[in-house]
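# Overview (structure and organization)
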Amino acid sequence: MSMNRRQFVKVAGMAAMVPVFGTALTGCDTRSGAGRVVVVGGGFGGTTAAKYLKKYNPALEVTLVEPKTSYTTCPGSNWYLAGMRDIASITHNYDALKKRGVIVIHQMVTSLDADDHSIKLADGTSLSYDHLIVSPGIDFQWGAIEGITEENSEKMPHAWQAGKQTEILKHQIENMKQGGTFVMIAPPNPFRCPPGPYERVGMVAQHFKKHNPKAKILVLDPKDQFSKQGLFLQAWQDVYGDMIEWVPGKDGGKVSKVDVNTMTVHSEMGDVKADVINAIPAQKAGALAFKMGLTNDSGFCPVNMLTFESTLKKNVHVIGDACIAGAMPKSGHAASSQAKTCAAAIVNILAGKEVLQPTHVNTCYSLISDKYGISVAGVYMFSDSKIVEIKGAGGVSPKEADATFREMEATYASGWYNSITHDIWHS
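Given the structure is predicted, the values throughout are model-derived calculations rather than measurements. (Residues numbered from 1 in each chain as written. Predicted model: local features only at pLDDT ≥ 70, side-chain atom pairs only at ≥ 80, totals over all residues. Heavy atoms only, no water.)

Broken down by element type, the protein chain carries 10 helices and 26 strands. Taking the principal axes of its C-alpha atoms as reference, the protein chain extends roughly 65 × 50 × 40 Å. Buried residues in the protein chain amount to 58% of all 427 residues. Looking at the protein chain alone, contacts between residues at least 24 apart form 68% of all its contacts between residues at least 6 apart. Counting every atom, the protein chain has about 17100 Å² of accessible surface; 49% of that belongs to carbon and sulfur. Both charge centroids of the protein chain, one from 42 positive and one from 40 negative side chains, sit 4 Å from each other. (Helix = DSSP H or I, 4+ residues; strand = E, 2+ residues; numbered from the N terminus. Buried < 20%, exposed > 50% of the residue type's maximum accessible area, 1.4 Å probe, protein only. Contact = heavy atoms within 4.5 Å. Areas by Shrake-Rupley, 256 points an atom, 1.4 Å probe, with all protein chains shown as cover. Lys, Arg positive; Asp, Glu negative; His and termini not counted. Charge placed at Lys NZ, Arg CZ, Asp CG, Glu CD.)

Here it is as structure tokens:
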């Protein structure tokens, strides 16, 4: 890494609180250029955008549309599976946004009229906007593998949208028979992370080590490699011995069919009988993005990576997991960073000012156990119409690190979660 690890952690932590711009943030005009901005989606991206629009220009009329009255985060949901957090600690409401003067409407959006600059809600209400920000998250490519369907998702939970699905999976893990087999079917790229599939393996193993020590975990993966792979494989062996087996695509990890009635997974390595199946489907942009006509053939949303304005619909911006954001991963931290950039761009556009060129930071922590953490971090810039990674500016946890360092990273993981969720939902 090109910077001291402790220094980078400080930079990454600060990035959870404020955006980093190539020019001073005072370029946002907070005295003029007021207008109406509607934000759809109350997750990491949407809630951050609504807050920072109001923070950058208090005169703006900002409305957040989100059907749920509270939001359970995917980051931290793996820790809940391990018994390290309760569901309340990863669930947040919109009271702080309302105190800032953001109008919060708990409704479904049914349609977009980009020519009229309006959206329609399920109750028939229409909302007009000068700019619209859409942060719809992800949806699933049901049926890409035979048997992995929405109808079967309560028996074979994905737990990739936190809340009810997470609770179903936790119940299955806690009630799995002694010495049973937990099978994870990992998703192909690109996928939302966190919740990372490989962190989840460690958190499930932590539960089993305490309560079901003869259990086995089998990960069937269509990919041949994944982020922090060397660190994960080493850590699994160090902490859990032979409990975990990861099978990459080249060694038979590709799954062709799942029979939910017999709990049998058919893969290239052979048929596997499972007691719990965590089937994580291939992913695409949230359904609303398709309904609004914001997606291309990739299943995700193309955007101008400086302003996050859709290349398909004028004055409509897409942020978070649903958008195509160059080198940036599909993570909560990335969504929040994009939201701040997008908010600043809209404030300046409305004020007739130049859009600033930002630098993004992303940090992804993964827990192997409650005392063993690893991380990867990246710094990104806008260059030649794309978001690119600044080589050497980020880094991965060192492979040869002692127990004290690993425990420190686990502590940082919790601190990161508390800091970013406080910034988004509670301040």
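Moving on from the model shown.
For the rest of this paragraph, the subject is helix α9 (residues 332-350). If you check α9, its first and last C-alpha atoms are 27 Å apart, about what 19 residues at 1.5 Å a residue would give, namely 27 Å. Among the 19 residues of α9, 17 are classified as buried, and the element is accordingly described as predominantly covered. At the exit of α9 stands G352, carrying a positive phi of roughly 70°. (Expected span 1.5 Å × (residues − 1).)

Attention now goes to unusual backbone geometry. Each neighbour pair has its own omega, and for N189 with P190 the value is -10°, a cis peptide bond. P194 follows C193 through a cis peptide bond whose omega is 5°. Checked against the element boundaries, P194 lands in the loop between β12 (181-185) and α6 (197-211). The backbone phi angle of D384 is positive, close to 50°, even though this residue is not glycine. Relative to the helices and strands, D384 resides in the loop between β24 (372-383) and β25 (386-389). With a phi angle near 70°, S385 is a residue other than glycine that sits in the positive phi range.

Here we take up the environment of G392. Looking at the secondary structure, you find G392 in the loop between β25 and β26 (395-396). Spatially, the C-alpha atoms of G392 and K273 are 44 Å apart, while their sequence positions differ by 119 residues.

What follows is about the pattern of salt bridges. Going through the model one piece at a time under the given rule, you end up with 10 salt bridges. With a closest N to O distance of 3.0 Å, K51 and D423 form a salt bridge. In this pair, K51 sits in helix α2 (residues 44-56) while D423 sits in helix α10 (residues 403-425), placing the two residues 372 residues apart along the sequence. Assessed through its relative accessible area of 2%, K51 is described here as buried. With a shortest N-O distance of 3.4 Å, D423 and K340 are connected by a salt bridge. Of the two residues, D423 sits in helix α10 while K340 sits in helix α9, which places them 83 residues apart along the sequence. Across the pair, K340 and D423 agree in class, each one buried. (Salt bridge = Lys/Arg side-chain N within 4 Å of Asp/Glu carboxyl O.)

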